[in-house]
Amino acid sequence: VEDAKLMALKLLDQGRLDNALRQLHRAKAKDAEWFSIQGDILMRMRQYASAHQSYREAVRLDPDNLPYRRAAFEAAKTLKKHSQPLQKAVDKIEGLFRRRK
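An account of the accompanying structure is given in this report. (Residues numbered from 1 in each chain as written. Predicted model: local features only at pLDDT ≥ 70, side-chain atom pairs only at ≥ 80, totals over all residues. Heavy atoms only, no water.)

**Focus on the overall build of the chain**
Scanning the chain for helices and strands turns up six helices and zero strands. Ordered by position in the sequence, the α and β elements of the chain form the string α-α-α-α-α-α. The buried share of the chain, taken over its 101 residues, is 37%. In the chain, the share of contacts with a sequence separation of at least 24, taken over all contacts with a separation of at least 6, comes to 40%. In the chain, the 22 positive side-chain charges and the 13 negative ones have mean positions that sit 8 Å from each other. (Helix = DSSP H or I, 4+ residues; strand = E, 2+ residues; numbered from the N terminus. Buried < 20%, exposed > 50% of the residue type's maximum accessible area, 1.4 Å probe, protein only. Contact = heavy atoms within 4.5 Å. Lys, Arg positive; Asp, Glu negative; His and termini not counted. Charge placed at Lys NZ, Arg CZ, Asp CG, Glu CD.)

**Re the packing of aromatic side chains**
A full pass over the atoms with the stated rule returns one aromatic pair. Note on Trp34 and Phe35: the rings are 4.9 Å apart at their centroids and 75° apart in plane angle, and the pair reads as edge-to-face. The same class applies to Trp34 and to Phe35, which are both buried. (Phe/Tyr/Trp six-rings, centres within 6.5 Å; stacked < 30°, edge-to-face > 60°.)

**A word on the packing of helix α1 (residues 3–13) against helix α3 (residues 32–44)**
At a minimum axis separation of 11 Å, α1 and α3 run at an interaxial angle of 20°. One finds that α1 runs roughly parallel with respect to α3. The two elements α1 and α3 meet at a crossing, and its hand is left-handed. Contact residues: Lys5, Ala8, Leu9 and Leu12 in α1; Glu33, Trp34, Ile37, Asp40, Ile41 and Arg44 in α3. Of the residues in the contact of α1 with α3, the class split is six nonpolar, no polar and four charged. (Axes fitted to C-alpha atoms, helices over the stretch in contact; angles between N-to-C directions. Parallel < 35°, antiparallel > 145°, perpendicular 65-115°, else oblique. Left-handed = near helix turned anticlockwise from the far one by under 90°. Nonpolar A, V, L, I, M, F, W, Y, C, P; charged D, E, K, R; others polar.)

**Topic: α3**
Its 13 residues give α3 an end-to-end C-alpha distance of 19 Å, which sits within 8% of 18 Å, the value for a rise of 1.5 Å per residue. Considered for burial, the residues of α3 that qualify are Ala32, Trp34, Phe35, Ser36, Ile37, Gln38, Gly39, Ile41 and Leu42. Positioned one or two residues after α3, Arg46 has a phi angle of 65°, which is positive. (Expected span 1.5 Å × (residues − 1).)

**Comments concerning the pattern of salt bridges**
Counted according to the given criterion, the structure contains four salt bridges. A salt bridge links Lys5 to Glu33; its shortest N-O distance comes to 3.0 Å. Highlighted residues: Lys5 in helix α1 and Glu33 in helix α3, separated in sequence by 28 residues. Classification of Lys5 by relative accessible area gives buried; the value is 3%. With a relative accessible area of 23%, Glu33 lands in the partly exposed category. Between Lys77 and Glu74 there is a salt bridge whose closest N-O contact spans 3.4 Å. (Salt bridge = Lys/Arg side-chain N within 4 Å of Asp/Glu carboxyl O.)

**Concerning a nonpolar patch on the surface**
Taken together, the side chains of Ile93, Leu96 and Phe97 present a nonpolar region at the surface, about 320 Å² in accessible area. Within the secondary structure, Phe97 is located in helix α6 (residues 85–100). (Patch = residues over 30% accessible without salt bridge, like charges linked within 9 Å, V, L, I, M, F, W, Y side chains within 5 Å. Areas by Shrake-Rupley, 256 points an atom, 1.4 Å probe, with all protein chains shown as cover.)

Shape descriptors only; they carry no functional weight alone.
This is the structure we're talking about:
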């Protein structure tokens, strides 16, 4: 794992999501691992559609990697759940409270 990806993972563990994403984009190559890390960050940012796309790209680049396949499946389930009208309303309300912290 190159330095940019390692640092992005550290920042992700610390909950510094914007910084993690910025750091990840400094990586030289966008391989399957890169897209998986991006998916992890985007899931934590609640950007489910983008996260799902990232995981799908990781699977496309490394189709035999089971953790990437599981992550793509979980992202798809989460995206579907958060696309429901009632859940969208709950997400909006939660978003209002998150901003006030």
